[in-house]
Amino acid sequence: MVSMGQAGLEVDLAGLVETYAELLFRVAHSVLRSRAEAEDVVQDCFVRVLEHRRKLGGVKDMRVWLVRIAWNLALDRRRRIRPEQMDEAFARTLVGRDIAADEALAEGLKLALVLREIDRLPRREREVLLLSAMQELGTAEIAAVLGRSESGTRALLFRARTRLKERLAKEGSA
């Protein structure tokens, strides 16, 4: 993806896009809950690659570096958007399309509740929970993206899952 050429460092941007665009989209989408905003983040991420192409030789793990960029760009955008603006629409996109309308509505409402409870988690717990939902990111990669230790990341993830489960159980009994 990054190689030494005649003119110095060359970036195979098409290769990077092909390899990482889907992952970066999922990272941004988990934070922003908007396809359009997530797509903008992915584009901005690859613009950063071009801006920093001379320094890419020093990047030890391209995947983690790109995820960190997408994560930070998404968080910056999220600060400008109220969570409730996107929860319902995002929840509808997660509901299966091959179920009855009344089931889809009920499922969408449940997912919106889960998203609201995730938003209520302490920031660090919310971050590890969202990144762990990417399934492609292991604990070590999540720790690298967030600049934390791996053991601390595991502990945060455990607390986040436990707290979320408790809150959802309480909501279910209310």
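Residues numbered from 1 in each chain as written. Predicted model: local features only at pLDDT ≥ 70, side-chain atom pairs only at ≥ 80, totals over all residues. Heavy atoms only, no water.

### Examining the overall build of the protein
- Assigned secondary structure in the protein consists of 8 helices and 2 strands.
- Its helices and strands taken in sequence order, the protein reads β-β-α-α-α-α-α-α-α-α from the N to the C terminus.
- By the burial criterion, 40% of the 174 residues in the protein qualify as buried.
- Taking all contacts inside the protein whose residues are at least 6 apart in sequence as the whole, residues at least 24 apart take part in 67%.
- When the accessible surface of the protein is summed, it comes to about 10300 Å², and 50% of that surface belongs to carbon and sulfur atoms. (Helix = DSSP H or I, 4+ residues; strand = E, 2+ residues; numbered from the N terminus. Buried < 20%, exposed > 50% of the residue type's maximum accessible area, 1.4 Å probe, protein only. Contact = heavy atoms within 4.5 Å. Areas by Shrake-Rupley, 256 points an atom, 1.4 Å probe, with all protein chains shown as cover.)

### A few points about helix α7 (residues 139–146)
- For α7, the complete set of buried residues consists of Glu-141, Ile-142, Ala-143, Val-145 and Leu-146.
- Just downstream of α7 lies Gly-147, where phi reads positive at about 70°.

### Let's talk about the nonpolar core
- Core analysis: the biggest nonpolar cluster contains 42 residues, and Leu-24, Phe-46, Leu-66, Val-67, Trp-71 and Leu-131 have the highest contact counts within it.
- Ranked by the residues each element gives to this core, the list is headed by helix α3 (residues 62–78), at 11 residues.
- For Phe-46, the residues in contact, after removing those within four places along its chain, are Leu-13, Leu-16, Val-17, Tyr-20, Ala-21 and Leu-24. (Core = buried A, V, L, I, M, F, W, Y, C linked by side-chain atoms within 4.5 Å.)

### Things to note about unusual backbone geometry
- Positioned with a positive phi, Arg-33 is a non-glycine residue whose angle comes to about 60°.
- Mapped onto the fold, Arg-33 is located in the loop between α1 (13–32) and α2 (35–51).

### Comments concerning the side chain of Glu-127
- Within the fold, Glu-127 resides in helix α6 (residues 123–132).
- Given the relative accessible area of 9%, Glu-127 is considered buried.
- Among residues more than four places away in sequence, those in contact with Glu-127 are Trp-71, Leu-75 and Leu-146.

### Brief notes about the confidence of the model for the protein
- Mean pLDDT over the protein: 80, with 76% of residues reaching 70 or higher.
- Low pLDDT, under 50, characterises residues 3–9; the predicted model gives this stretch 12 contacts beyond four residues in sequence or across chains. (pLDDT = per-residue confidence, 0-100.)

### A look at α2
- Counted at 1.5 Å a residue, the expected span for α2 with its 17 residues is 24 Å, and the 24 Å between its end C-alpha atoms agrees.
- Buried within α2 we find Ala-38, Val-41, Val-42, Cys-45, Phe-46 and Val-49. Projected down its long axis, α2 carries its buried residues within an arc of 130°, all on one side. Those residues of α2 that are exposed and aimed more than 90 degrees away from the buried face are Gln-43 and Glu-51. (Expected span 1.5 Å × (residues − 1). Arc of directions from axis to C-beta.)

### Considering the pattern of salt bridges
- Inspection of the entire model under this criterion finds 12 salt bridges.
- Of the charged contacts in the structure, one is a salt bridge between Arg-33 and Asp-119, with a shortest N-O distance of 2.8 Å. Remark: Asp-119 occurs in helix α5 (residues 101–120) and Arg-33 occurs in the loop between α1 and α2; sequence separation between them is 86 residues. A single burial state applies to Arg-33 and to Asp-119, both of which are buried.
- Through salt bridges with shared partners, a single ionic network connects Glu-37, Asp-40, Asp-44 and Arg-77. (Salt bridge = Lys/Arg side-chain N within 4 Å of Asp/Glu carboxyl O.)

### A few points about the packing of α2 against α3
- In the contact formed by α2 and α3, the axes pass within 9 Å of each other and the chain directions differ by 130°. Relative to α3, the element α2 lies oblique. The crossing of α2 and α3 is right-handed. Only Trp-65, Leu-66, Ile-69, Ala-70, Leu-73, Ala-74 and Arg-77 of α3 make contact with α2, whose side of the interface consists of Glu-37, Asp-40, Val-41, Asp-44, Cys-45, Arg-48 and Val-49.
- Here the residues of the contact of α2 with α3 are counted per class, giving 9 nonpolar, no polar and 5 charged. (Axes fitted to C-alpha atoms, helices over the stretch in contact; angles between N-to-C directions. Parallel < 35°, antiparallel > 145°, perpendicular 65-115°, else oblique. Left-handed = near helix turned anticlockwise from the far one by under 90°. Nonpolar A, V, L, I, M, F, W, Y, C, P; charged D, E, K, R; others polar.)

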